[in-house]
Amino acid sequence: MDGSISVHELVKTYKGDVKAVQGVSFEVGEGEFFAFLGPNGAGKSTTVQILTTLVKPTTGTIRIGGVDVGEEPERVRWNIGVALQETGIDPVLTGRELIEMQARLFGFTKKEAKTRADELLTLVDLNDAADRPCGKYSGGMRRRLDLALTLVHKPKILFLDEPTTGLDPSNRQAIWKEIKRLNREEGTTIFLTTQYLEEADQLADRISIINQGKIVASGSAEELKRTLGFDAIQLVFEADEEAERASKVLADLGENIECSKDEVTLYTENGTQLLSELVRKLDENNLSPKKLNVKPPSLDDVFINVTNEQKERA
Amino acid sequence: MSEQRKGSFLVDTLVFTKRSIVTIIRNPLIFIPNLIISLFFLFVYEGGLSGISELPAFEGANYLAFILPVSIVSAAIGGAGGAGQALVKDLENGYFSRLLLTPSSRLAIVLGPIIAGMLQLLIQTGLILVVAYFLGLEVAAGFGGVIVVLLLTLGWGLAFAGYSVGVALRTKNAQSAQAGTFVFFPLIFLSTTFVPYELIEAGWLKVAATINPTTYLFEAMRSVFIDGWEAWPLVRGFLVIALLCAITISFSAISASKAVSAD
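1. Some thoughts on the overall build of chain B
The secondary structure content of chain B amounts to eleven helices and zero strands. Going from N to C terminus, chain B has its helices and strands arranged as α-α-α-α-α-α-α-α-α-α-α. Rg of the C-alpha trace for chain B: 20 Å, near the compact-globule value of 18 Å for 263 residues, within the 12% margin. Viewed in the frame of its principal axes, chain B has a C-alpha envelope of about 75 × 35 × 35 Å. The proportion of buried residues among the 263 residues of chain B is 51%. For chain B, the proportion of contacts with a sequence separation of at least 24, taken over those separated by at least 6, is 80%. With an accessible surface of roughly 11,600 Å², chain B has 72% of that area assigned to carbon and sulfur atoms. Of note, chain B has its 14 positive side-chain charges centred 20 Å away from the centre of its 14 negative side-chain charges.

2. Some words on the packing of aromatic side chains
Any two aromatic rings considered together are summarised by their centre-to-centre distance and by the angle between their planes. Tallied over the full model, the rule gives 20 aromatic pairs over all chains. Ring centres 5.4 Å apart and planes at 45° place the aromatic pair Phe36 of chain A and Phe191 of chain A in the tilted group. Taken together, the residues Phe36 of chain A in strand β3 (residues 33-37) and Phe191 of chain A in strand β8 (residues 189-194) connect sequence positions 155 residues apart. Each member of the pair Phe36 of chain A and Phe191 of chain A is classed as buried. Put simply, the rings of Phe41, Tyr45, Phe182, Phe184, Phe185, Phe189 and Phe194 of chain B touch in pairs and so form one group of aromatic residues. Over the ring of Tyr197 of chain B we find Lys206 of chain B; its NZ or CZ atom is 5.3 Å from the centre of that ring.

3. Observations regarding the interface of chain B and chain A
Across the contact, 31 residues belong to chain B and 39 residues belong to chain A. Viewed at the interface, chain A and chain B are joined by three salt bridges. A salt bridge links Arg19 of chain B to Asp90 of chain A; the shortest N-O distance between them is 2.8 Å. Mapped by element, the contributors of at least two residues to the side of chain B that touches chain A are α1 (9-26) and α4 (95-100) of chain B. Sort the elements by how many residues they give to the side of chain B that touches chain A and α1 of chain B lands first, with eight residues. Residues that form the side of chain B that touches chain A fall into these classes: twelve nonpolar, ten polar and nine charged.

4. Things to note about the domain arrangement of chain A
The assigned domain composition of chain A is domain 1 (5-89 + 137-219) and domain 2 (230-296). Placing a centre on the C-alpha atoms of domain 1 of chain A and another on those of domain 2 of chain A gives a separation of 37 Å.

5. Some points on the environment of Gly88 of chain A
Along the polypeptide, Gly88 of chain A turns up in the loop between β6 (80-83) and α3 (95-105). According to the relative accessible area criterion, Gly88 of chain A is buried, its value standing at 5%. A C-alpha to C-alpha distance of 9.3 Å links Gly88 of chain A and Arg143 of chain A, two positions 55 residues apart in sequence. Gly88 of chain A has contacts with Asp146 and Leu149 of chain A together with Asn93, Gly94, Tyr95 and Arg98 of chain B, leaving out every residue within four places of it along the chain.

6. A word on a nonpolar patch on the surface
On the surface, a cluster of nonpolar side chains totalling about 370 Å² of accessible area is made up of Phe40, Phe43, Val44 and Leu135 of chain B. Relative to the helices and strands, Phe40 of chain B resides in helix α2 (residues 32-49).

7. Quick notes on a negative patch on the surface
A surface patch of negative charge is lined by Glu59, Glu198, Asp227 and Glu230 of chain B. By the secondary structure assignment, Asp227 of chain B is in helix α10 (residues 213-227).

8. Regarding the side chain of Thr265 of chain A
Inspection of the secondary structure assignment puts Thr265 of chain A in strand β13 (residues 263-268). Sequence-distant contacts of Thr265 of chain A, that is, excluding residues within four places in its chain, are made with Ala232, Ile233, Gln234, Asn256, Ile257 and Glu258 of chain A.

9. Thoughts on the packing of α2 of chain B against helix α3 (residues 63-93) of chain B
All names here are of chain B. Two elements in contact, α2 and α3, have axes separated by 9 Å at closest approach and are oriented at 160°. Classified by the angle between their axes, α2 and α3 sit roughly antiparallel to one another. Handedness of the α2/α3 crossing: right-handed. Residue-level contacts link Asn34, Ser38, Leu39, Phe41, Leu42, Tyr45, Glu46 and Leu49 of α2 to Tyr63, Leu64, Ile67, Leu68, Ser71, Ser74, Ala75, Gly78 and Gly79 of α3.

10. Observations concerning unusual backbone geometry
Phi angles above zero are rare outside glycine, and Glu162 of chain A is one such case at about 45°. Looking at where Glu162 of chain A falls in the secondary structure, it is placed in the loop between β7 (157-161) and α6 (169-186). Phi at Lys172 of chain B takes a positive value of approximately 60°, unusual for a residue other than glycine. Counting through the fold element by element, Lys172 of chain B comes out in the loop between α6 (142-171) and α7 (174-180). By relative accessible area, Lys172 of chain B is classed as partly exposed at 38%.

11. Side note on the packing of α3 of chain B against α10 of chain B
The description of two helices packed together rests on the angle between their axes and the distance between the axes. Residues and elements named next belong to chain B. Viewed as axis vectors pointing N to C, α3 and α10 meet at an angle of 130°, and their least axial separation amounts to 9 Å. As judged from the angle between their axes, α3 and α10 are oblique. α3 and α10 meet at a crossing whose hand is right-handed. Contact with α3, carried on its side by Ala65, Phe66, Leu68, Pro69, Val70, Ile72 and Val73, involves Thr214, Leu217, Phe218, Met221, Arg222, Phe225 and Ile226 of α10 and no other residues of that element. Here the contact of α3 with α10 is composed, by residue class, of twelve nonpolar, one polar and one charged.

12. A short note on the pattern of salt bridges
Counted under the stated rule, the structure contains 19 salt bridges over all chains. Of the charged contacts in the structure, one is a salt bridge between Lys225 of chain A and Asp201 of chain A, with a shortest N-O distance of 3.1 Å. Placement of the pair is Lys225 of chain A in helix α8 (residues 221-228) and Asp201 of chain A in helix α7 (residues 197-203), with a sequence separation of 24 residues. Judged by relative accessible area, which is 16%, Lys225 of chain A ranks as buried. Each of Asp90 of chain A together with Arg19 and Asp90 of chain B takes part in a single network of salt bridges with overlapping partners.

13. Some remarks on the sheet that holds strand β2 (residues 18-28) of chain A
Pairing between sheet strands relies on hydrogen bonds along the backbone, with the strands arranged either parallel or antiparallel. Residues and elements named next belong to chain A. Strand order in this open sheet of four strands is β2-β1-β4-β5, and the pairing throughout is antiparallel. Only two strands of the sheet have a single neighbouring strand rather than two, namely β2 and β5 (67-68). Alignment of strand β1 (residues 5-14) against strand β4 (residues 59-64), held across five bridges, turns out to be antiparallel. When the bridges of β4 are listed, His8 appears paired with Thr61.

14. Comments concerning the environment of Glu263 of chain A
All names here are of chain A. Considering the arrangement of structural elements, one finds Glu263 in strand β13. Sequence separation of Glu263 and Gln234 is 29 residues, and the distance between their C-alpha atoms is 7.2 Å. Excluding anything up to four places from it in sequence, Glu263 contacts Gln234, Leu235, Val236, Ala243 and Glu258. At 3.0 Å, the side chain of Glu263 and the side chain of Gln234 are in polar contact.

The rules behind the values
- Residues numbered from 1 in each chain as written.
- Chains lettered and ligands numbered in written order.
- Predicted model: local features only at pLDDT ≥ 70, side-chain atom pairs only at ≥ 80, totals over all residues.
- Heavy atoms only, no water.
- Helix = DSSP H or I, 4+ residues; strand = E, 2+ residues; numbered from the N terminus.
- Rg over C-alpha atoms; globule rule 2.2 N^0.38 Å.
- Buried < 20%, exposed > 50% of the residue type's maximum accessible area, 1.4 Å probe, protein only.
- Contact = heavy atoms within 4.5 Å.
- Areas by Shrake-Rupley, 256 points an atom, 1.4 Å probe, with all protein chains shown as cover.
- Lys, Arg positive; Asp, Glu negative; His and termini not counted.
- Charge placed at Lys NZ, Arg CZ, Asp CG, Glu CD.
- Phe/Tyr/Trp six-rings, centres within 6.5 Å; stacked < 30°, edge-to-face > 60°.
- Lys NZ or Arg CZ within 6 Å of the ring centre and 35° of its normal.
- Salt bridge = Lys/Arg side-chain N within 4 Å of Asp/Glu carboxyl O.
- Nonpolar A, V, L, I, M, F, W, Y, C, P; charged D, E, K, R; others polar.
- Domains from an automatic or database assignment.
- Patch = residues over 30% accessible without salt bridge, like charges linked within 9 Å, V, L, I, M, F, W, Y side chains within 5 Å.
- Axes fitted to C-alpha atoms, helices over the stretch in contact; angles between N-to-C directions.
- Parallel < 35°, antiparallel > 145°, perpendicular 65-115°, else oblique.
- Left-handed = near helix turned anticlockwise from the far one by under 90°.
- Pairing = 2+ DSSP bridges.
- Polar contact = N/O pair within 3.5 Å; in protein donor to acceptor, adjacent residues only side chain to side chain.

Here is the structure:
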């Protein structure tokens, strides 16, 4: 069994004809760091649950490490580590007890389980709290314990569903550092879903963006930005109302325009050439931004663009 | 590295049972109220109603021996219901998914809380019997009779645990599972709870008592407490329990397989 993931034409339809995932296919190589991005409700978590044996697909073939998930789910479970969006922790047991129990369920002897618990508690920096009931842990501590539980059996493939959502920066840093180490030093395959695009940008070898149950873009962060082929012109106004007015005035200049609060972002093929016309239009309408920026697209821009395009087509 | 390791049903069951026992011990509120209610039944009914055992329908039986099964059975229902409650908690806080993601036996995940519940129930029943002994209980069938009562209680507890686990896995939330335990009332009270069948006044209650499986459990326990060794009440009691177990355990097994492989 290796560390690869292969998904072919995955479809998941829930009762009442709710199409959560509509024909998703992708491959992740051994040791690769793969990020799965998408807005809320795009089908990310459903995909993770299907890939990790928790939910059955409606149709499609999934191989984790070459093993068919539908045919041999138990063999898959031996080799994957999964941290779901909601941490799964029994509040009555202590951190140490939970790790030892997890290890026992993965076939460790009592002695091995104890040793493994010591290692992991140190790794996630929970030695001081190890013998307190987890119900008393803070959100960050729970997350770290959850990660330790995920790593007990040294899985070849890690599935992480928004592992840092709701964490303070220092806890987030700690978790990212560990995930990066596992990938770079131990060759662990990482399948990550996140809403922190910046982090996917920095860490992931490859990114797929899913929206409304379909993959709408795939590639490395650089490739995605290049295929977008747009510059982003960012304007910030004094008042939200001005920004709204500007977004109407400038709408026909670019391919796509986004307005949120006091900020307007215009996506256009050639930002610098358009600038004079843009400024003229703003002048005519008595609009003067307090900030104006032309920049190559960020992953955020790619994300907003591909998810918006789809909305328009729909 | 993981593949050379092997899972073991026995180890899994042991691990889950141990965990459930630890949980019960750390939350005394899980079993203490239930035990107190059962002892309360015993004291109050014995104190308030024992005079009616003078009636000829009781055939000279001691009321303590007559009412004791009510206390034991109500404790058993509470104890066994704990198994379902424990699973609901796991489902609600996400720990159940964490367990499903391990290669452990799916059956063991459900069996752990049930076994722990049965142990809790045995200890509770033992305590109630000790209290009854100090109140002056005499068991007509002797020590063997006590064992029979424990076995009947265990069987009854298993049947109710199957029911509570099934309901828990179906509804997946605490309120609904809690609502499911309300069958406790008809089971305990629509029966020969306070007086023998012949003394029940209302026709509808007579019908209910005849249908209610608890009646046969009460009768079986009373027979060993009061009359000694009599075959028929015991055979009937164990048969009813076996039938109930078959139904509720299948119900919980079907619910479990649905809950662990969500469509």
